[in-house]
Amino acid sequence: MSKHSQSVLQILNTHVEAAFSALDLPVEYGRVVVAGKPDIAPFQCNGALAAAKFAKKSPRDIAQAVVEKLENIADIAKADIGGPGFINLTPAQSLVHTRANGLAASETTGARHAEVTKKIIVDFGGPNVAKPMHVGHLRSSVIGDCLQRLLRFRGHDVVSDIHLGDWGLQMGHLITELKYEQPDLIYFNADITEGYPTTSPVDIDDLARLYPQASIKAKEDADRMVLSRTATSELQAGRAGYRALLNHFIEVSIIALKKDFGALGVNFDLWKGEAAVDPLIAPMVAKFKADGFAEESEGALIIRVAEDSDKKELPPLILISSAGAALYATTDLATIQDRRDTLNPDTILYVVDFGQSSHFEQVYRAAGKTGLFPKKDLEHIKFGTVNGTDGKRFRTRAGGVMRLSDLLSQAKDAATKRLDEAGLAADMDATERAEIARMVGLAAIKFSDLQNVRTTNYIFDLERFTSFEGKTGPYLLYAAVRIKSLLRKAEKMGVVVGEITPEADAEKKLVLTLDSFNRALANAEEKRMPHILCDHVYSLAQAFSKFYADCHILAPETPDTVKSSRLALAALTLRQLELGLDILGIEAPERM
RNA sequence: GCACCCGUAGCUCAGCUGGAUAGAGCGCUGCCCUCCGAAGGCAGAGGUCGCGCGUUCGAAUCGCGCCGGGUGCACCA
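Calculation rules
Every chain is numbered independently, its residues counted from 1 as its sequence is written. Lettering for chains starts from A, numbering for ligands starts from 1, and both go in the order in which the items are written. Totals for whole chains, interfaces and linings use all residues, but because this is a predicted model, local features are given only for residues with pLDDT of at least 70 and pairs of side-chain atoms are given and counted only at 80 or more. Processing note: side-chain calculations cover all non-hydrogen atoms of the structure and skip hydrogens and water entirely. Throughout, the term near means that a residue has one or more heavy atoms lying within 4 Å of the molecule or strand in question. Any N or O atom pair separated by 3.5 Å or less is treated as a polar contact, with the protein-specific requirement of one donor-capable and one acceptor-capable atom, and with residues adjacent in sequence counted only for side-chain atom pairs. To qualify as a helix, a DSSP run of H or I must reach at least 4 residues; to qualify as a strand, a run of E must reach at least 2; elements of each kind are numbered from the N terminus. Gly falls in the polar group here, along with every residue not listed as nonpolar (Ala, Val, Leu, Ile, Met, Phe, Trp, Tyr, Cys, Pro) or charged (Asp, Glu, Lys, Arg). Salt bridges, as used here, are contacts in which a Lys or Arg side-chain nitrogen is within 4 Å of a carboxyl oxygen on Asp or Glu. When accessible area is computed with a 1.4 Å probe and restricted to protein chains, residues below 20% of their type maximum are described as buried, those above 50% as exposed, and intermediate ones as partly exposed. The criterion is simple. A nonpolar core is a set of buried Ala, Val, Leu, Ile, Met, Phe, Trp, Tyr and Cys residues joined through side-chain atoms within 4.5 Å. In what follows, residue pairs with any heavy atoms lying within 4.5 Å of each other are defined as contacts. In this description, strands pair whenever DSSP reports at least two bridges between them.

So, about the protein's contact with RNA strand B. In the neighbourhood of RNA strand B, 66 residues make up the surrounding shell, with Phe-86, Asn-88, Arg-229, Leu-424 and Tyr-548 lying closest. Per the 4 Å cut-off to the protein, sugar and phosphate atoms form 59% of the nearby atoms of RNA strand B. The side chain of Glu-274 places a nitrogen or oxygen atom 3.1 Å from a sugar or linking oxygen of RNA strand B. The set of elements that each furnish at least two residues to the surface near RNA strand B consists of α2 (47-55), β4 (86-91), α6 (169-181), β8 (300-303), α13 (404-422), α16 (473-493) and α19 (530-550). Taken together, the residues that form the surface near RNA strand B break down as 27 nonpolar, 21 polar and 18 charged.

Now the structure itself:
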């Protein structure tokens, strides 16, 4: 990597490591980090404290020696010692200056590809065919979408798959419940095996009604459950009428889901489901048996996945139920095989709530044990449950489940209200206003979800979703739109961008914030944590707001070269802001 | 019962491969639009980092034990 494309932190890091090395201290002690106390200096190195024991010297003596080594380095304006031996580092003005213009010259505002790029599948652990999308689907959609965007941006070859839930007991529920309502449909006549209608006998609302009906009945009535189980097995065995129904169910579901995901701005490369791997199941199971991995137990066919090191023995993975049906884990294994053979990925990510941790542990162990796929390359990207304001989990059967589409329209309404209150978008026609309200509402929802640490539970609070002040999506859009407005004004005034010469404190801080973009991206990728990117984008907007308040850009008293410099800084900020938002899956309007 | 996750300001949350006076946002108090968009900026009040013990020069961060909450624990997905 050329010095030109290195961040200020990397350059300081190189110097400090060299200083440690020159003093015969291990280079890892020379690591430079963003300072915890930015009032003193933007960067610091804590290695002198850690190296004290190693070198059998006092931390301050080591820090003093390091600081002396750094004295004549042009990139460092100041290196001094604080507290018990912290080395505080202030980069040279020239370094910040050079880096600012380097960032401005960069297509990606300083972001780089990952050092090693891979082929990665992102599995969204998709919604079930039987159920409409509700708030519970928000997280996997929004987090999964952010990850696919982030990984692509980092140079990986990503294939996203919705992985529809279209194969288990739920299909048996739907079939039997439909039969109960409309017994005369041709699909239920076992003597007929072809010539089914091309149009579906049900729509998505029917499915949304039939499934809970059947599910409730089956829970209370064992005989009713047997009907669903039997239908499931018959479907899987290939009963033609049921297969035809399945295809209808999938078709109407996909149409509805495409609408919901379209509204969310989430796209998938593949719309495959569990049903798609049905033909692979029998041979796969046969092979597991032949290889001695699968065994009979209590009437079911299982793979034992317990390990000696387990603190708590993990139950076996059930491949084929005692009723003869393939289960969730079975289709997941078959899907891994399918992906391995058709896409040959390095890694598969499963964006699914943490409640299914042990299921995935079972599947991953089975995949590793049977030689299907290396366990270490299967990652469960778990996220917390969606809770109500009472802290209890949002449950389907609790009643009053909010549909995703309702949530989106409520967010849009709230955004419209806010636009009115703030007197924004007053001069626009109804169409443009509606479009802006849509973007603002969506930004509010997505950002409030993504900014949480993925793995913790999530409190679903509509008030919070639609609050547009502080650390929110709309604040970020506001920051972006304000810059766009500024650029338009500058163009009218004939001010053009020029070399960036950061002078004011707010300008330097903005440059250093811009410079941390690549670190945030790399860190977010490594941890698969979107909130790290959220934090960066928010810090950027904050740093810009401060700069905007402190440094007048187009004011008459601002000298022309300063105007051009600040305008360039604003333009650079906008590019990075929009890039960051885009990776989060958030779209900014031109004005609002 | 066992396993995993969580417990940080009134509220919602960052920080957790140990490092200085623990940070944001909301809410609260007070300032700032004759100055590029105030959904903004500035300042302030507000914290035994669940509790205890231990490791360490140094612990919100690591270890152990409690307490409190969530989730899961063989044929649903």
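Alright, that's what it looks like, and here's the rest.
In the structure shown here, the tally under the stated rule is 39 salt bridges. Of the charged contacts in the structure, one is a salt bridge between Arg-566 and Glu-507, with a shortest N-O distance of 3.1 Å. On the criterion of sequence distance, the pair formed by Arg-566 in helix α20 (residues 560-584) and Glu-507 in helix α17 (residues 505-515) is long-range, its members being 59 residues apart. Residue Arg-566 is classed as buried on the basis of its relative accessible area of 14%.

On to the nonpolar core. Counting 155 residues, the largest nonpolar core has Phe-249, Ile-303, Leu-319, Leu-333, Leu-407 and Leu-584 as its most contacted members. The residues touching Ile-303, leaving out its near neighbours within four places in the chain, are Phe-288, Phe-293, Ala-294, Pro-316, Leu-317, Leu-319, Leu-333, Ala-366 and Thr-370.

On the secondary structure map, Arg-209 appears in helix α7 (residues 204-220). On the accessibility criterion, Arg-209 (31% relative accessible area) is partly exposed. Distance from Arg-209 to Glu-177, taken between C-alpha atoms, is 9.7 Å for residues 32 residues apart in sequence.

As defined by bridge partners, strand β2 (residues 43-45) adjoins β4 across 3 bridges and the pair is classed as antiparallel. What sits directly across from Cys-45, in β4, is Ile-87. Sheet topology note: the strand β3 (residues 76-82)/β4 ladder contains 6 bridges and is antiparallel. Along β4, the bridge assignment pairs Gly-82 with Phe-86. Here β3 hands over to β4 after 3 residues, with Gly-83 in that stretch at a positive phi of 55°.

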